[in-house]
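Examination of the molecular architecture
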Number of protein chains: 2
Amino acid sequence: MYSKEIAKLAGVSRSTVSRVINNYSNVAPETKEKVERVIKEYGYVPHASAQALAGKVSKIIGIFIANIRSGDEEYRVFRNVYISPFEAAIIDQADKLGYNTLVLIINDNEDFKKIRKLFNSKILSGGIFLGANNNSKEIFGLIESGYKLAVIDQEEIKKKNVKNHIIVNSDNYTGAYKATKHLIDYGHKAIAHICGDMNKYSGIKRLEGYRKAMKEARLKIKREYIAYGDFTEDSGFKCANQILKDKNKNKITAIFSSNDTMALGAMKAIKRMDLRIPEDISIVGYDDIRIASYVSPALTTVRSPILEMASVVTDNLINFIEKGTSSSRYYIIPVELIIRESTMKLT
Amino acid sequence: MYSKEIAKLAGVSRSTVSRVINNYSNVAPETKEKVERVIKEYGYVPHASAQALAGKVSKIIGIFIANIRSGDEEYRVFRNVYISPFEAAIIDQADKLGYNTLVLIINDNEDFKKIRKLFNSKILSGGIFLGANNNSKEIFGLIESGYKLAVIDQEEIKKKNVKNHIIVNSDNYTGAYKATKHLIDYGHKAIAHICGDMNKYSGIKRLEGYRKAMKEARLKIKREYIAYGDFTEDSGFKCANQILKDKNKNKITAIFSSNDTMALGAMKAIKRMDLRIPEDISIVGYDDIRIASYVSPALTTVRSPILEMASVVTDNLINFIEKGTSSSRYYIIPVELIIRESTMKLT
DNA sequence: TAAATATTTAAACACGTGTTCATAAAATTA
DNA sequence: TAATTTTATGAACACGTGTTTAAATATTTA
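Report on the accompanying structure. Quantities reported herein were computed from a predicted structural model and do not represent experimental measurements. (Residues numbered from 1 in each chain as written. Chains lettered and ligands numbered in written order. Predicted model: local features only at pLDDT ≥ 70, side-chain atom pairs only at ≥ 80, totals over all residues. Heavy atoms only, no water.)

Focus: the packing of helix α7 (residues 110-120) of chain B against helix α8 (residues 137-144) of chain B
Helix packing for two helices is described by the angle between their axes and how far apart those axes are. All names here are of chain B. With their axes 11 Å apart at the nearest point, α7 and α8 run at an angle of 15° to one another. Viewed along their axes, α7 and α8 adopt a mutual orientation that is roughly parallel. For the pair α7 and α8, the sense of crossing is right-handed. The segment α7 lies against α8, with Phe-112, Ile-115 and Arg-116 engaging Glu-138, Ile-139, Gly-141 and Leu-142. Each residue belonging to the contact of α7 with α8 can be placed in one class, and the counts come to four nonpolar, one polar and two charged. (Axes fitted to C-alpha atoms, helices over the stretch in contact; angles between N-to-C directions. Helix = DSSP H or I, 4+ residues; strand = E, 2+ residues; numbered from the N terminus. Parallel < 35°, antiparallel > 145°, perpendicular 65-115°, else oblique. Left-handed = near helix turned anticlockwise from the far one by under 90°. Contact = heavy atoms within 4.5 Å. Nonpolar A, V, L, I, M, F, W, Y, C, P; charged D, E, K, R; others polar.)

A few points about the protein's contact with DNA strand D
Taken together, the neighbourhood of DNA strand D is formed by 26 residues, with A:Ser13, B:Ser3, B:Arg14, B:Tyr24 and B:Tyr44 sitting nearest. Sugar and phosphate atoms constitute 61% of the interface atoms of DNA strand D, taking the interface as everything within 4 Å of the protein. In this structure, a base oxygen belonging to DNA strand D sits 3.3 Å away from a main-chain N or O atom of A:Leu53. At 2.7 Å, a side-chain N or O of B:Tyr24 approaches a phosphate oxygen of DNA strand D. When residues of the surface near DNA strand D are traced back to their parent elements, those giving at least two are α2 (14-21) of chain A together with α2 (14-21) and α4 (48-53) of chain B. No other element matches the four residues that α2(B) contributes to the surface near DNA strand D. Of the residues belonging to the surface near DNA strand D, the class tally is 11 nonpolar, 11 polar and four charged. (Near = heavy atom within 4 Å. Polar contact = N/O pair within 3.5 Å; in protein donor to acceptor, adjacent residues only side chain to side chain.)

Quick word on the sheet that holds strand β9 (residues 282-284) of chain B
Residue and element names in this part refer to chain B. Spatially, the four strands line up as an open sheet ordered β7-β6-β8-β9, and their pairing is parallel. Pairing within the sheet leaves two strands with one partner each, and these edge strands are β7 (226-228) and β9. Each neighbouring strand pair of the sheet contributes to a mean axis angle of 15°, computed without reference to strand direction. Bridge analysis of strand β6 (residues 191-195) against strand β8 (residues 254-257) gives four bridges, and the strand direction is parallel. Paired with Ile-191 across the two strands is Ala-254, which belongs to β8. Helix α10 (residues 201-216) contacts β6, β7 and β8 of the sheet and is inclined by roughly 170° relative to β6. (Pairing = 2+ DSSP bridges.)

Some points on the protein's contact with DNA strand C
In the region of DNA strand C, 26 residues are neighbours, and A:Ser3, A:Arg14, A:Tyr24, A:Tyr44 and B:Ser13 sit closest. Among the atoms of DNA strand C lying within 4 Å of the protein, the sugar-phosphate backbone contributes 57%. Measuring from a base oxygen of DNA strand C, one finds a side-chain N or O atom of A:Arg14 at 2.7 Å. Between DNA strand C and A:Tyr44, the relevant distance is 2.5 Å, taken from a phosphate oxygen to a side-chain nitrogen or oxygen of the residue.

Section: the packing of aromatic side chains
Residues and elements named next belong to chain B. Here the structure, examined in full by the defined rule, presents six aromatic pairs over all chains. Summarising the aromatic geometry, the rings of Phe-64 and Phe-129 are spaced 4.9 Å apart at their centres and angled 50° between planes, so their arrangement reads as tilted. Of this pair, Phe-64 sits in strand β1 (residues 60-66) while Phe-129 sits in strand β3 (residues 126-130), placing them 65 residues apart in sequence. Ring centres 5.9 Å apart and planes at 20° place the aromatic pair Phe-112 and Phe-129 in the stacked group. Of this pair, Phe-112 sits in helix α7 while Phe-129 is found in strand β3, placing the two residues 17 residues apart along the sequence. Across the pair, exposure class does not vary: Phe-112 and Phe-129 are buried alike. (Phe/Tyr/Trp six-rings, centres within 6.5 Å; stacked < 30°, edge-to-face > 60°. Buried < 20%, exposed > 50% of the residue type's maximum accessible area, 1.4 Å probe, protein only.)

Structural data, given as structure tokens:
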């Protein structure tokens, strides 16, 4: 069923059908009504490719999800539990605005070529990066090529030739500050930090937030307080072991983990050392993934407003696509500390 | 950058470029090599819409994910924790076969029209349903229309006019049988079942598996043993309360929940009644979602081989798309019982 | 060497839709 | 009523690629 046949059935020309579909003003009301009736009756839908070829832009945006590199195969495929609801929220919001969503999992730099292909072949008219590295040259390249892109969790881009993009971050810095401050307020002094992947902006900013709170309280950050993980559970386990191996010497009483997944690994390690949470070690995570409220003890953590971030990034991207007016917009969304059972006052 | 320009740069005609791209045999090797060099140098990619219009089929498949109806907004958007890794595994497998994936969340019947649109406009060349209701008229309609579809968790379709589709199920019947049998082997006799959504094939078959095991052991299924949930945590909570409210009379010592999410809700309810798991009540879930191994006590459950199911369904669908040869294939994938801490022998 | 055949290429058309342009019809003004 | 403006409509072209057909070139055979 094509527009030619609709035209015949409605007794008008194909151009008139096209004008009805595209809401032109100069169509007689009764003609319009007649054509619309036929369209509805036969369930006609324009051929998207033909439309695209004739100059209409596609109503599809991409979601580009960075895969976790290290760790086991299972985790690789099953994907980041923080990212997954983010994806769902974006799909939902895009749908509300009449857009479909194509999901791509980015494993290596080869996959950036796929993105380029999808844009060049006019399948996508925009895209959102999730979990990307900070300052990614590949993303800069795509933005420079003029593709309409938004990035979650990315430093403000100051390069002169990289403009026209959207960046939405949660306030990682303040979140990490609040988390650390919470431990300080509870009387802890020897507070360790399990860093996330330092290639991600969130990893960097959360470390900064931790430093800020410690500095503000005039607490010295000893070398042994810091361990470098990569946001995976395994790395959390290893980092906790490393941090606590000289516990008698270090007197560490609290850990701020850069995300919940690592915090879970750390909790396993802590329990295995026969230390109690929170009596011996208080621990704070970040992200408020679903498991956080189920583990025992329930994890104190920082919650990012995923729904809000997804709305902001999607609305802005689609506005950018349709109006063409984004001049490097940069958003920071506030976060919330959720106090549960994994932290307690030092007596 | 279009094929016309490539042709000019390579000093050949546009048709020759097309023949090179589409691997025709009658192109001189040196010509072919020359054209390929230019294509690579300029990173040329054919305009997908133009290709589609000229008769090539799109390399995009849809993943249609049914949303949970009841329950809170958060859960709605954040999506089913069982479905989410499934989606990831399908995307991964499709990518390996050179296909991209468009994800659609199905909230109501209106959304089936969207699917029709996507097929009619030639954006999609196939699709996979996740979490769909059993015997869905809407899906039957789409299959009848000739769209190439696969469905996870669906009864074998016997209607004469509904053919050419692929169905992949995990062995829900045997899984539920194993779960119940496990409890019986542990000496339990008064075993309750929290049913899942009876609109889903998995909900139906798991109840059947439970019945089979009970019958085989000559255990009577009292009316109070059965409670009807809908796969959400809330419903699990309510069902457990209902089942256990006359505990002194019923002597129920074990519960088989139709999925893990409801089992979590049930565990909350059980704890709130000051009963111990597994000392007072043993509980078995289904799906082996990630949280299952983190809760305390860790949940005994049934694991479906998600990766395998995703491979089977994706491989078959793409084969169907490319070769056009599927005559109602029906697959059942075996499952595995994972025994953890939430079940114990009755002494 | 001429003829027959095999190989390679270029031109032309098709795919379905949007849009421009010219024209016909209707409405308004003089 | 005639002239002008406004409105409505259909014909023709453009979008980029695949494919068919006819022609040109190279190769082989007699």
